[in-house]
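Structural overview
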Amino acid sequence: MPSTTSSREDTMATVAYAQLPTPVGALHVAVSEDGLVATGWRPLRVGLDEVHDPDRTAFVLGELSRYFAGELKAFETPIDWGLMSGSRLAVLRALHGVPYGKVVTYGELARLSGTSVPARGIGSIMGSNPIPIVVPCHRVLAAAGLGGFSGGVGVETKRWLLTHEGYLQPSLLDL
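This write-up is about the structure you can find in this document. These figures come from a predicted structure and were not determined experimentally.

As a further point, take the layout of surface pockets. Size it by volume and the largest pocket reaches roughly 280 Å³. Lining of the largest pocket is provided by 21 residues; of these, Met126, Gly127, Asn129, Ser150 and Gly151 occupy positions nearest its centre. Secondary-structure elements contributing two or more residues to the lining of the largest pocket are strand E4 (36-40) and helix H4 (119-127). A per-element tally of the lining of the largest pocket places H4 first, with three residues. For the lining of the largest pocket, a count of residues per class yields nine nonpolar, 10 polar and two charged.

This is the structure in structure tokens:
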């Protein structure tokens, strides 16, 4: 999985925005010169100068379309980690390695990240994850259940994503 770290001291960074309709609502993306900066269910603003560049967003939109169609299990979209730092960056990088259809608990992710962030802190980082779906915070569960989810329509979006990936069985309502 390619990943890039940005060096913003030398150049003026820009971002291109786009959106994609999905089964869990319109997903917005923000892509810098170095890679994906943000995804979310609301219009994004990441503090970089905006450019109109459909070519820049085409790859991630294609991958997301294939993911939601059930055709993609591993994203190759480069991530621009340059707007993150410290423990948050370490936790999100560890999360990025959790594969399709697998889950970890908040405590397991704390251990995987090599940080001293407690499970509650991991929950806060998940709630502010700037790149849901591609950096799969929906794959992080509480020790005794699904836990929370701040994207889309909340835990129902998390349930849909985990069912889509085959971790959860469809309910009667899904059939």
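The next subject is the side chain of serine 113. Take serine 113: it is sitting in helix H3 (residues 106-113). A distance of 2.8 Å separates a polar side-chain atom of serine 113 from the backbone oxygen of alanine 110.

Here the focus is the side chain of threonine 157. With respect to the helices and strands, threonine 157 occurs in helix H5 (residues 155-164). In contact with threonine 157, other than residues within four places in its own chain, are Val24, Trp41, Phe149, Gly151 and Gly152.

Reading guide: rules and limits
Residues numbered from 1 in each chain as written. Predicted model: local features only at pLDDT ≥ 70, side-chain atom pairs only at ≥ 80, totals over all residues. Heavy atoms only, no water. 1 Å grid on protein atoms, 1.4 Å probe; cavity = no way out; pocket = protein on both sides within 12 Å on 5 of 7 lines; lining within 4 Å. Points joined across faces, edges and corners; volume = space filled by probe spheres on them. Helix = DSSP H or I, 4+ residues; strand = E, 2+ residues; numbered from the N terminus. Nonpolar A, V, L, I, M, F, W, Y, C, P; charged D, E, K, R; others polar. Polar contact = N/O pair within 3.5 Å; in protein donor to acceptor, adjacent residues only side chain to side chain. Contact = heavy atoms within 4.5 Å.

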